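# Notes for the structure review
One-letter residues, chain by chain:
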Amino acid sequence: PQAAECLKQVLENGVAQVIASEPATIPLLQHFNGVYLQDSTTISLPDELAEVWPGGGSNHNHPNKAAIKVQVRWEMSRGVISHLELQAGRNHDKSSLLQKEVLPQGALRLADLGYFSLSVLKELAAEGVYWLTRLQARCVVFDKEGRRWDLAKLLKAQHSHKDKVDIPIFIGIEEGIPCRLLAVKVPPEIANERRRKIKKEARRRGQTVSKARLNLANWTITVTNAPLELLTLEEAMVLLRLRWQ
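Worth saying up front: this structure is predicted, and the values here are computed from it rather than measured. (Residues numbered from 1 in each chain as written. Predicted model: local features only at pLDDT ≥ 70, side-chain atom pairs only at ≥ 80, totals over all residues. Heavy atoms only, no water.)

## Quick notes on the overall build of the chain
The secondary structure content of the chain amounts to six helices and ten strands. Against the 2.2 N^0.38 benchmark of 18 Å for 245 residues, the chain shows a C-alpha radius of gyration of 20 Å, consistent with a compact globule. Residue burial in the chain is summarised as follows: out of 245 residues, 42% are buried. A separation threshold of at least 6 residues defines the contact pool for the chain, and within that pool the share at least 24 residues apart is 59%. Carbon and sulfur atoms provide 55% of the accessible area of the chain, an area that totals close to 14000 Å². Taken as two groups, the 34 positive and 27 negative side-chain charges of the chain have centres that lie 9 Å from each other. (Helix = DSSP H or I, 4+ residues; strand = E, 2+ residues; numbered from the N terminus. Rg over C-alpha atoms; globule rule 2.2 N^0.38 Å. Buried < 20%, exposed > 50% of the residue type's maximum accessible area, 1.4 Å probe, protein only. Contact = heavy atoms within 4.5 Å. Areas by Shrake-Rupley, 256 points an atom, 1.4 Å probe, with all protein chains shown as cover. Lys, Arg positive; Asp, Glu negative; His and termini not counted. Charge placed at Lys NZ, Arg CZ, Asp CG, Glu CD.)

Below, the structure is given as structure tokens:
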């Protein structure tokens, strides 16, 4: 066990020093004091390791008794892994230490819905850190006048640009975080494929899907606290794709 713990610490600390690529010179990335992409992957392990690395839990894609989750934060501008953390496979992304690790002022954080937390977003904004994230469908949204909206109805109410939306909003009943709602309508074939996946997942979980959620599949929806002069709607859609590279 002592040797295993030693190797774990060597991996977590050494990977940031060893694994790096040529720094990116893309002008868009230079708008920020670092662009930090965080995500995780889960690796199945032999059942004999279940006591050390319990799997299953809420991770339906990896129901094995033993699994390890690798949490990674990649700084895109410098091409370096700035953080690597090993967790039990059953742990939720929200429990990662990445959620609390301080980022430089003026940096941009890119993270998927697994890390979505209003308290974390509010704290990052208070520290001068920008973020770009997809918006949870159940998140409470207010317009700049303080009126509460259903997200699908708010998008439908935007008449100026039917296929693109960039408006100021507040998110969270208690948090009231000021940000921009950025949304782009997707082609029908993509929306239909999204709905198919949503329904399939709901059937597997024995749940029903609301009409509002199915309607939201027509849009790619994100929120950001970055101002327009740093990040346009079109640039935000480009940065979203970094996660899949």
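Moving on from the coordinates now.
## A word on the sheet that holds strand E4 (residues 108–111)
Remark on secondary structure: sheet strands pair via backbone hydrogen bonds, oriented parallel or antiparallel. Strand order in the open sheet formed by ten strands is E3-E2-E1-E4-E5-E10-E9-E8-E6-E7, and the pairing between neighbours is mixed. Each edge of the open sheet carries a strand with a single partner, namely strand E3 (80–88) and strand E7 (148–149). On top of the sheet, helix H2 (residues 118–126) reaches E4, strand E5 (130–134), strand E8 (164–171) and strand E9 (177–185); it is set at about 155° to E5, its chief contact. Across the sheet, helix H6 (residues 233–240) lies against E4, E5, E8, E9 and strand E10 (219–224), angled at about 80° from E9, the strand it touches most. (Pairing = 2+ DSSP bridges. Axes fitted to C-alpha atoms, helices over the stretch in contact; angles between N-to-C directions.)

## What about helix H4 (residues 188–205)?
Counted at 1.5 Å a residue, the expected span for H4 with its 18 residues is 26 Å, and the 26 Å between its end C-alpha atoms agrees. Those residues of H4 lying buried are Ala191, Arg195, Ile198 and Ala202. Each buried residue of H4 sits inside an arc of 65° when the element is viewed along its axis, so together they form one side. Opposite the packed face of H4, turned more than 90 degrees from it, sit the exposed residues Glu189, Lys197, Lys200 and Arg203. For H4, the elements touching its buried residues are helix H5 (211–216). Gly206 sits one or two positions beyond H4 and adopts a positive phi of about 70°. (Expected span 1.5 Å × (residues − 1). Arc of directions from axis to C-beta.)

## Some details on the side chain of Arg180
Counting through the fold element by element, Arg180 comes out in strand E9. From its side chain, Arg180 meets the backbone oxygen of Ala226 in a polar contact 2.8 Å long. (Polar contact = N/O pair within 3.5 Å; in protein donor to acceptor, adjacent residues only side chain to side chain.)

## Some words on the pairing of E4
Burial of E4 is two-sided: the residues Leu108 and Leu110 facing one way and the residues Arg109 and Ala111 facing the other way are all buried. Bridge analysis of strand E1 (residues 35–45) against E4 gives four bridges, and the strand direction is parallel. Residue pairing for E4: Val35 is matched across the bridge by Leu108. Handedness of the E4-H2-E5 crossover: right-handed. (Right-handed = clockwise from strand over helix to strand, strands pointing away.)

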